[in-house]
Amino acid sequence: MNLIKMLQENRLMKTPQEINIFEETLEKIAKHPNDENLKDLHLILDDNCEHPEIMFSLVHFLEDFELQKQIPAFIEVIPQLMITAPEWTKIIHYRIINDESACKIYQNSLELGNQKTPHFLYQLLLESVKNHINSSSEVMLT
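Residues numbered from 1 in each chain as written. Predicted model: local features only at pLDDT ≥ 70, side-chain atom pairs only at ≥ 80, totals over all residues. Heavy atoms only, no water.

A. Summary view of the packing of helix H2 (residues 16-31) against helix H4 (residues 52-63). Contact geometry of H2 with H4 gives a least axis separation of 10 Å together with a crossing angle of 10 degrees. It follows that H2 is roughly parallel to H4 by the angle criterion. Pair H2 / H4 crosses with left-handed handedness. Residues Ile19, Phe22, Glu23, Leu26, Ile29 and Ala30 of H2 touch H4, and the partners they reach there are Ile54, Met55, Ser57, Leu58 and Phe61. Among the residues forming the contact of H2 with H4, the class breakdown is nine nonpolar, one polar and one charged. (Axes fitted to C-alpha atoms, helices over the stretch in contact; angles between N-to-C directions. Helix = DSSP H or I, 4+ residues; strand = E, 2+ residues; numbered from the N terminus. Parallel < 35°, antiparallel > 145°, perpendicular 65-115°, else oblique. Left-handed = near helix turned anticlockwise from the far one by under 90°. Contact = heavy atoms within 4.5 Å. Nonpolar A, V, L, I, M, F, W, Y, C, P; charged D, E, K, R; others polar.)

B. Spotlight on the environment of Asn108. Note on placement: Asn108 falls in helix H7 (residues 100-116). Sequence spacing of Asn108 and Leu126 is 18 residues, and the spatial spacing of their C-alpha atoms is 9.0 Å.

C. Looking closely at the pattern of salt bridges. One pass over the full model with this rule turns up eight salt bridges. For Arg95, the salt bridge identified is with Glu63, shortest N-O distance 2.5 Å. Here Glu63 lies in helix H4 and Arg95 lies in helix H6 (residues 86-97), a separation of 32 residues in the sequence. Judged by its relative accessible area of 34%, Arg95 is partly exposed. When its relative accessible area of 34% is taken as the criterion, Glu63 is described as partly exposed. Across the salt bridge formed by Glu111 and Lys130, the nearest N and O atoms sit 4.0 Å from each other. On the criterion of sequence distance, the pair formed by Glu111 in helix H7 and Lys130 in helix H8 (residues 120-141) is long-range, its members being 19 residues apart. On the basis of relative accessible area, Glu111 is assigned to the partly exposed category, the value being 28%. (Salt bridge = Lys/Arg side-chain N within 4 Å of Asp/Glu carboxyl O. Buried < 20%, exposed > 50% of the residue type's maximum accessible area, 1.4 Å probe, protein only.)

Limitation: the analysis is restricted to geometry and does not speak to function.
Quick look at the structure:
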């Protein structure tokens, strides 16, 4: 069976069996990470998951990918992700903007994404990034 599909089917983690399947499947995927799965992996995130601490292992796994691969994949799925996982979307957004090198890539990727496929979410996130950068530089100046 497709490992991504197994994660998807067990992402709510309502039973101990679903938790075990999710953890074991993520371990298998982590042994052979593939950039091509990044969009699908982001879409596993779900705010209805009953064990967010376990879901966080997926967030950490996503952060192990190269920023130049992970961030554009995240941006591409944001409109879909906001439907099932607005809280996880916020968590990833803030984790990215609080990492200086990731924040720069994120800003550039959001600008590019907004040019290719304009979306109000991209514009809102871009404003958030710029506000964060401005407030960070003000702190450094004082």
